[in-house]
Amino acid sequence: MKSANIQLETLVCPSCTQKIEAALKNIEGIDQDSLKLSFSSSKVKLDFDDNTTSIEAIEKAINRVGFEVIKSRVK
Amino acid sequence: MQRVILRNKNKIALVIGILIATAFIVKWSTGFMLFFEWTLITASILGVLPIAIQAFQALRVKVVSIDVLVTMAVAGAFAIRNFEESAIVTFLFLFGAYLEQRTLNKTRSAIRALTEMAPETAWKKMDDGDFKEIDVDDVDIGDVLLVKTGAKIPVDGTVLSGEGSVNEASITGESLPVLKDMSALVYAGTILENGTLQIAADRIGEDTTFGKIIELVEEAQDSKSEAERFIDRFAKYYTPVVLLIALLVFAFTRDMELAVTILVLGCPGALVIGVPVSNVAGIGNGASHGILLKGSEVISDFSRLDQMIFDKTGTLTIGNPAVADTRYYGENIENALCYLASIERESDHPLAKAVLEEIGQTDFYPVSDTNVIRGGGIVAQVDGHRVAVGNVALMEQEAVVLSEAVRGDLHQFEEKGYSLVLTAVDGELSILMGIRDPIRPGVKEDLERIKRLGVKELVMLSGDNQGTVDVIARELGLSKAHGHMLPEDKSAYVKEQIGKGATVAFVGDGVNDSPSLATAQIGIAMGSGTEVAIETSNVVLMHSDFSRLPHALGLVKATSRNMIQNIVIAIGVVIALLASVLFGEWMNMSIGMLVHEGSILVVILNGMRLLRYRLKS
């Protein structure tokens, strides 16, 4: 299990968080209970299994719903 | 391609704004209708592109977002060849989004100022002994780091070598530099004003005190109250329902104009964003004034406060007690003082420090059979004598005879608000010390302000003797004061008040008051950013600054009012729009979009007022 802290571009619209949540829900390997999405600081925090998925795959899923990842940190 | 379009959303808004203006000018001046139409068609297509892309991205993850409603509305307007409306709606939607972004960024500015204080790089000692600048995220626990003059200390750590003075204002609020040398602890985010230090990293990233503060504030801003969670659930189903209604209306009436208008009016905006905006601005204001509010639930409880309970030492008083007066009884005073110092040397009680400072240099004896009596004092064997140090209750328990003269002195000391420390050797009273802990300057005025803000009862709880407590209570104008209280008595008292239906805040220093801080609906810690305080309380006064308390109370009340205003505005707008579709003739898609975007801006601007909130004195 690794934990990721992903800084996104500034989130503005209220449905942004809904979209990102929905996008990450479908990714196998993300611990859904650990998923925390912060609207006001535009950050995503989550734990994921690095055997099943990767930070690149997670970033790509966020890009697919139209949001840019500024910086991500994996520990 | 998609990304290029989305990234240039704001430019697109500007271009279609110009296109629309040109189209109308040409129409009014020359009446050239073909140009008018084609310009608007161009503007509509250009404008709907980013919206449609967003709508598509949302639908792909099965979310019916506002973008979906607007895209369908524009398509509908196209179908009935109403290019005027389709162009204006896309423009208003994009321009509104731009304004929202600008204003929302402002409400978040207070937090950004805080996070920008975070260190970014560190000089790490590499294997070859040289120092290399690395990203602070790459620092590991145990790394040896060099901190140069003027730099931020990158992590929480221990000084290995060197010395220097550190400004710890970002953590403690104290701007006087503190001297740090060998084995002193240093904190991330504080600034080394002069000298150089080599430190070992103990805690890194989010585990540092500074990291925890930032995380706390960020989480607080996103924490949702019951009302907000309801609105969120509501919003999730609201948009699909609007879509369905519009489709049904079209199916039955075949009136595309009406269906399209419903789509636009149905966009939820102000309702979803209104409450979080007040929250973010209110918590942001607090953060920039040294007040950490842990979330919106705290704000709503705190604003309904009717009782505030204070710990005495370190909260209402400065917490740095000193011996003010001493009386001696009987003989062998010199020995008694040595015994007293020997016992107190082993205690970490705040009064012990005061006693030791008063006695100064002396001979120490070995102490054995130490027995700490909670809420009483200490009894121990010193130099073959049974020595009791503590309060009047302990003396009575030890069957020490207190003469009339002694009782007179006790009374006199209590009158002056001193805490009492008595020393008896082999059952004979020998020393009486009166210890004074001055009241924090300005506390009286601050308590007045709190009362004026509508807190009905101000109560003080203390482990001190009742006489001392009463004196302070009278001086400060408190409604109630209880002495002789152990930490568990305090939390039991808090529980009792909550049981009576009161909303209670407990204000303490966060170290020995943790149970009460946790029990009260609102635990307010006067923490110098200490970890315990941050974790057990709901509100932290960062700088241990009592005068922030009235500001905090005023702020949560203002924030709470602001949220209610925003909810009223949002719901009012929805009702007004619905009524005008049903009963008014003038309502169309463009006006609907204008009102919709307008109401979003109004709630954001209303929320922003909180950033400038100051308590009126």
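A quick note: this is a predicted structure, and the numbers were derived from the prediction, not measured.

Caption draft 1: Local environment of the overall build of chain A. Each helix and strand counted, chain A has two helices and four strands in total. Computed over its C-alpha atoms, the radius of gyration of chain A comes to 11 Å, within 12% of the 11 Å expected for a compact globule of 75 residues. In terms of principal-axis extent, the alpha carbons of chain A reach across some 35 × 20 × 20 Å. For chain A, the proportion of its 75 residues judged to be buried stands at 39%. Contacts in chain A between residues at least 24 apart in sequence constitute 68% of all its contacts with a sequence separation of at least 6.

Caption draft 2: Broad picture of the sheet that holds strand S18 (residues 504–508) of chain B. Residue and element names in this part refer to chain B. Spatial strand order, S8-S20-S19-S18-S9-S16-S17: seven strands in an open sheet with mixed pairing. Strand pairing shows two members of the sheet lacking a second neighbour, strand S8 (291–293) and strand S17 (480–482), which therefore form its edges. Sheet twist, expressed as the mean angle between neighbouring strand axes with direction ignored, is 15°. Two elements, strand S9 (residues 307–311) and S18, share four bridges in a ladder whose sense is parallel. Following the sheet pairing, Gln307 is matched in S18 by Val504. Against the sheet, helix H12 (residues 296–303) engages S8, S18, strand S19 (522–525) and strand S20 (539–541), with an angle of about 100° to S19.

Caption draft 3: Representation of the pairing of strand S1 (residues 121–125) of chain B in the model. Residue and element names in this part refer to chain B. Residues Ala122 and Lys124 point to one face of S1 and are all buried, whereas Thr121, Trp123 and Lys125, pointing to the other face, are not buried. Where S1 folds back on strand S2 (residues 131–135), the antiparallel hairpin that results is connected by five residues, among which Gly129 adopts a positive phi of roughly 90°. The sheet contact formed by S1 and strand S3 (residues 144–147) spans two bridges and is antiparallel. If you follow Lys124 over to S3, its bridge partner there is Leu145.

Caption draft 4: Spatial organisation of the domain arrangement of chain B. For chain B, the assigned domains read domain 1 (121–213), domain 2 (291–318 + 439–544) and domain 3 (322–436). Its C-alpha centre places domain 1 of chain B at a distance of 43 Å from the equivalent point of domain 3 of chain B.

Caption draft 5: Structural view of the sheet that holds strand S3 (residues 43–48) of chain A. Residue and element names in this part refer to chain A. Taking strand neighbours across the sheet as the criterion, the four strands line up as S2-S3-S1-S4 in an open arrangement whose pairing is antiparallel. What marks the edges here is a single partner per strand, and that holds for strand S2 (30–38) and strand S4 (69–74). Along the sheet, successive strands turn relative to each other by an average axial angle of 15°, direction set aside. Where S2 and S3 come together, five bridges link them in antiparallel fashion.

Caption draft 6: A look at helix H4 (residues 66–79) of chain B. Residue and element names in this part refer to chain B. Here H4 is 14 residues long and its end C-alpha atoms lie 20 Å apart, about the 20 Å a rise of 1.5 Å per residue gives. Counted residue by residue, H4 has 10 buried out of 14 residues, so it is predominantly covered. Along H4, the residues that are buried comprise Ile66, Asp67, Val68, Leu69, Val70, Thr71, Ala73, Val74, Gly76 and Ala77. Two residues or fewer after H4 comes Arg81, characterised by a positive phi angle close to 55°.

Caption draft 7: Geometry of the interface of chain B and chain A. Listed as interface residues are 26 residues of chain B and, on the opposing side, 17 residues of chain A. For the side of chain B that touches chain A, the secondary-structure elements that each account for two or more residues are helix H3 (33–60), helix H5 (83–107), helix H8 (209–222) and helix H11 (270–288) of chain B. Among the elements that take part in the side of chain B that touches chain A, H5(B) stands out by supplying five residues, more than any other. For the side of chain B that touches chain A, the per-class residue count stands at 14 nonpolar, six polar and six charged.

Caption draft 8: Structural context of the pairing of strand S11 (residues 367–373) of chain B. All names here are of chain B. Summarising the sheet, S11 and strand S12 (residues 377–382) pair through five bridges and their orientation is antiparallel. Across the sheet, Asn371 pairs through a bridge with Val379, a residue of S12. Between S11 and S12, which follow one another and run antiparallel, lie three residues, and Gly375 among them has a positive phi close to 70°.

Caption draft 9: Main features of unusual backbone geometry. All names here are of chain B. Within the chain, Ala399 stands out as a residue other than glycine whose phi angle is a positive 60°. Tracing the backbone shows Ala399 in the loop between helix H16 (392–397) and helix H17 (404–415). What makes Ala399 exposed here is the crowd of 8 C-beta atoms within 10 Å. The phi angle at Asp426 is positive, at roughly 50°, despite the residue not being glycine.

Caption draft 10: Main features of the packing of helix H2 (residues 9–30) of chain B against H5(B). Residue and element names in this part refer to chain B. As a packed pair, H2 and H5 sit with axes 9 Å apart at the nearest point and diverge in direction by 140°. Classified by the angle their axes make, H2 and H5 are oblique. Our pair here, H2 against H5, has a crossing hand that is left-handed. On H5, the residues touching Lys9, Asn10, Ile12, Ala13, Ile16, Gly17 and Ile20 of H2 are Ala87, Ile88, Thr90, Phe91, Leu94, Phe95 and Tyr98. Of the residues that constitute the contact of H2 with H5, the class distribution is 10 nonpolar, three polar and one charged.

Caption draft 11: Broad picture of the packing of helix H23 (residues 548–583) of chain B against helix H24 (residues 589–608) of chain B. Residues and elements named next belong to chain B. Following both chains from N to C, one finds H23 and H24 inclined at 175°, their axes separated by 9 Å at the closest point. Judged on the interaxial angle alone, H24 and H23 are roughly antiparallel. Contacts between H23 and H24 involve Asn562, Gln565, Asn566, Ile569, Ala570, Val573 and Leu577 on the former and, on the latter, Gly592, Val595, Ser599, Val602, Val603, Asn606 and Gly607.

Caption draft 12: Inspection of helix H14 (residues 333–344) of chain B at higher detail. Residue and element names in this part refer to chain B. Over its 12 residues, H14 runs 16 Å from end to end, which matches the ideal 16 Å to within 8%, given 1.5 Å per residue. Residues of H14 that are buried: Ala336, Leu337, Tyr339, Leu340, Ala341, Ile343 and Glu344. Contacts made by the buried residues of H14 are with helix H15 (350–359), S11, S12, strand S13 (385–390), strand S14 (419–425) and strand S15 (428–436).

Caption draft 13: How the structure looks around the confidence of the model for chain B. Residues and elements named next belong to chain B. Residue-level pLDDT values for chain B average 85, and 95% of them are 70 or greater. Element-level pLDDT for chain B is lowest in helix H22 (residues 531–536), with a mean of 66, against a maximum mean of 93 in strand S16 (residues 457–461). Overall fold confidence for the complex sits at a pTM of 0.75, while the interface term, ipTM, reaches 0.83.

Caption draft 14: Region of interest: the environment of B:Phe364. Residues and elements named next belong to chain B. Its location among the elements puts Phe364 in the loop between H15 and S11. In this structure, the C-alpha to C-alpha distance between Phe364 and Tyr339, residues 25 residues apart in sequence, is 7.2 Å. When neighbours within four sequence positions are excluded, Phe364 is seen to be in contact with Ala341, Ser342 and Arg345.

Caption draft 15: Representation of the nonpolar core. All names here are of chain B. Ranked by internal contacts, the top residues of the largest apolar core, which has 131 residues, are Ala73, Val89, Ala505 and Val539. Considering every element that reaches this core, the biggest residue donor is H23, with 11 residues. Here this core gathers at least three residues from each of two domains, domain 1 (121–213) and domain 2 (291–318 + 439–544). Setting aside residues up to four positions removed in sequence, Val539 forms contacts with Ile291, Leu292, Leu293, Lys294, Val298, Phe302, Ile522, Ile524 and Ala552. Among the nonpolar cores identified, the runner-up in size contains 32 residues, and Leu340, Ala424, Val425 and Leu429 belong to it.

The rules behind these values
Residues numbered from 1 in each chain as written. Chains lettered and ligands numbered in written order. Predicted model: local features only at pLDDT ≥ 70, side-chain atom pairs only at ≥ 80, totals over all residues. Helix = DSSP H or I, 4+ residues; strand = E, 2+ residues; numbered from the N terminus. Rg over C-alpha atoms; globule rule 2.2 N^0.38 Å. Buried ≥ 20, exposed ≤ 12 C-beta atoms within 10 Å, placed from the backbone. Contact = placed C-beta atoms within 7 Å. Pairing = 2+ DSSP bridges. Axes fitted to C-alpha atoms, helices over the stretch in contact; angles between N-to-C directions. Domains from an automatic or database assignment. Expected span 1.5 Å × (residues − 1). Nonpolar A, V, L, I, M, F, W, Y, C, P; charged D, E, K, R; others polar. Parallel < 35°, antiparallel > 145°, perpendicular 65-115°, else oblique. Left-handed = near helix turned anticlockwise from the far one by under 90°. pLDDT = per-residue confidence, 0-100. Core = buried A, V, L, I, M, F, W, Y, C linked by C-beta atoms within 7 Å.

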